[in-house]
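Residues per chain, in single letters:
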Amino acid sequence: MRLLVAEDEPLLAAQLKAALEKSAYVVDVAADGLDAEHQGLSEPYDLVVLDLGLPGRDGLSVLRAWREAGRMMPVLILTARDNWHDKVAGIDAGADDYLTKPFHQEELAARVRALLRRAGGHATADIRCGPLLLDTRQSRVLLDDAPLDLTSHEYRVLAYLLMHQDEVVSRSQLVEHIYAQDFDRDSNTIEVFVARLRRKIPPGLIQTVRGLGYRLSAVPQ
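Residue indices begin from 1 for each chain and proceed along its sequence in written order. Confidence filtering applies because this is a predicted model: local features only for residues at pLDDT of at least 70, side-chain atom pairs given and counted only at 80 or more, and all residues used for totals across whole chains, interfaces and linings. Only heavy atoms go into the side-chain values, all of them from the structure, while hydrogens and water stay out.

Within an unreviewed UniProt entry, the label attached to the protein reads Response regulator transcription factor, and the organism entered is Castellaniella hirudinis.

Shown next as structure tokens:
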């Protein structure tokens, strides 16, 4: 999953980035509203953590611009303002959840997990596909209840396929969601990661859809 953190306080932004990366998310950071708006319009983020008090352009205006442009990724709002007017304004502008500063990193992580699950149509923290189980709380994948030994990129590819199981996912879609914005992206590496994963999980789970991409399914196609 690829996330955008839009936060102008350098220390908090660094802390959020580190905490989310520890959970195996790919994280980009925007330090002002104009940059945040541009990145949210041009990059396919799975979720955005958005501070309302951004310089350049405030968070509510950024959020409205995204929604007006049809950008429907989940948005978790952060703000130091603790009154119901700001909460109502944020939700009405299209926010999906809300946290007031200061907050515990564990609560932020739990809310991010919940929003990502809902966006993928999943109700619980554990997402199963045949013998595979994605444990979103521990950022790990289990095979027949035993943890798989995966590299960070292998985990991101497999987790994304599990979140979108029974859907065809293109190589370019995987590239966009497992690499940060400033990473030298190469779609050919996806084939390498998929080949490695196929050696670690039962045959037939990751299916190649010729000319389109890959599909993870417990049902043979």
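Caption draft 1: Representation of the sheet that holds strand E3 (residues 47-51) within the structure. As summarised here, the arrangement of the five strands in space is E2-E1-E3-E4-E5, forming an open sheet in which the pairing is parallel. Edge positions in the sheet fall to strand E2 (26-30) and strand E5 (97-100), since each has one partner strand and no second. On average, each strand axis in the sheet is tilted by 20° relative to the strand beside it, whichever way the strands run. Strands are treated as partners if at least two bridges between them are detected by DSSP. Secondary structure elements follow DSSP: runs of H or I of four or more residues count as helices, runs of E of two or more count as strands, with numbering from the N terminus. Relative to E2, strand E1 (residues 2-6) runs parallel, the two sharing five bridges. Among the inter-strand pairings, Val-5 is bridged to a residue of E2, identified as Val-29. Contact definition: two residues touch when any of their heavy atoms are within 4.5 Å. Only the stretch in contact is used when a helix axis is fitted, and all axes are lines through C-alpha atoms; the angle between N-to-C directions ranges over 0 to 180 degrees. Against the sheet, helix H1 (residues 10-22) engages E1, E2 and strand E4 (75-79), with an angle of about 165° to E2.

Caption draft 2: Region of interest: the sheet that holds strand E6 (residues 126-129). Pairing within the open sheet is antiparallel, and its four strands lie in the order E6-E7-E8-E9. With one partner strand each, in any of the chains shown, E6 and strand E9 (146-147) form the two edges of the open sheet. Pairing of E6 with strand E7 (residues 132-135) involves four bridges; the strand directions are antiparallel. Bridged to Asp-126 within E7 is Asp-135. Along the sheet face, helix H6 (residues 152-163) touches E6, E7 and strand E8 (140-143) and points at about 105° away from the line of E7.

Caption draft 3: Focus on the layout of surface pockets. Site definitions follow a grid-based scheme: protein atoms alone, a 1 Å grid, a 1.4 Å probe that fits but cannot get out for cavities, and for pockets an open set with protein on both sides within 12 Å along at least five of seven lines, plus lining residues having an atom within 4 Å of a point. Grid points are joined across faces, edges and corners, and a volume is the space filled by probe spheres set on the points. For the largest pocket, the calculated volume is near 250 Å³. Along the walls of the largest pocket sit Ala-19, Leu-20, Lys-22, Ser-23, Gln-105, Glu-106, Leu-108, Ala-109, Arg-113, Arg-137, Gln-138 and Ser-139, which together make up its complete lining. The set of elements that each furnish at least two residues to the lining of the largest pocket consists of H1 and helix H5 (105-119). Of the residues forming the lining of the largest pocket, the biggest block, five residues, is contributed by H5.

Caption draft 4: Summary view of the side chain of Asp-135. Within the secondary structure, Asp-135 is located in strand E7. Partly exposed residues are those whose accessible area sits between 20% and 50% of the maximum for their type, while under 20% is buried and over 50% is exposed, using a 1.4 Å probe and protein chains only. Overall, the relative accessible area of 7% leaves Asp-135 in the buried class. Counted as a polar contact is a pair of N or O atoms within 3.5 Å, where, for protein atoms, one must be capable of donating a hydrogen and the other of accepting one, and residues adjacent in sequence contribute only when both atoms are in side chains. Among the polar contacts listed, one links the side chain of Asp-135 to the backbone nitrogen of Gln-138, at a separation of 3.3 Å. Leaving out residues up to four positions away in the same chain, Asp-135 has contacts with Ala-125, Asp-126, Arg-140 and Leu-142.

Caption draft 5: Highlighting the packing of helix H3 (residues 59-68) against helix H4 (residues 84-93). Interhelical geometry of H3 versus H4 gives an angle of 20° and a closest axis separation of 9 Å. Looking at the two axes, H3 sits roughly parallel to H4. Between H3 and H4 lies a crossing of left-handed hand. Contacts from Leu-60, Leu-63, Arg-64 and Arg-67 in H3 reach Ala-89, Gly-90 and Ala-93 in H4. Here the contact of H3 with H4 is built from residues that sort into four nonpolar, one polar and two charged. Geometric relationships in this document are graded by angle, where less than 35 degrees denotes roughly parallel, more than 145 denotes roughly antiparallel, 65 to 115 denotes roughly perpendicular, and other angles denote oblique. If you view the pair so one helix is near and one far, a crossing is left-handed when the near helix is turned anticlockwise from the far one by less than a right angle, and right-handed when it is turned clockwise. Residue polarity follows a fixed list, in which Ala, Val, Leu, Ile, Met, Phe, Trp, Tyr, Cys and Pro are nonpolar, Asp, Glu, Lys and Arg are charged, and the others, Gly among them, are polar.

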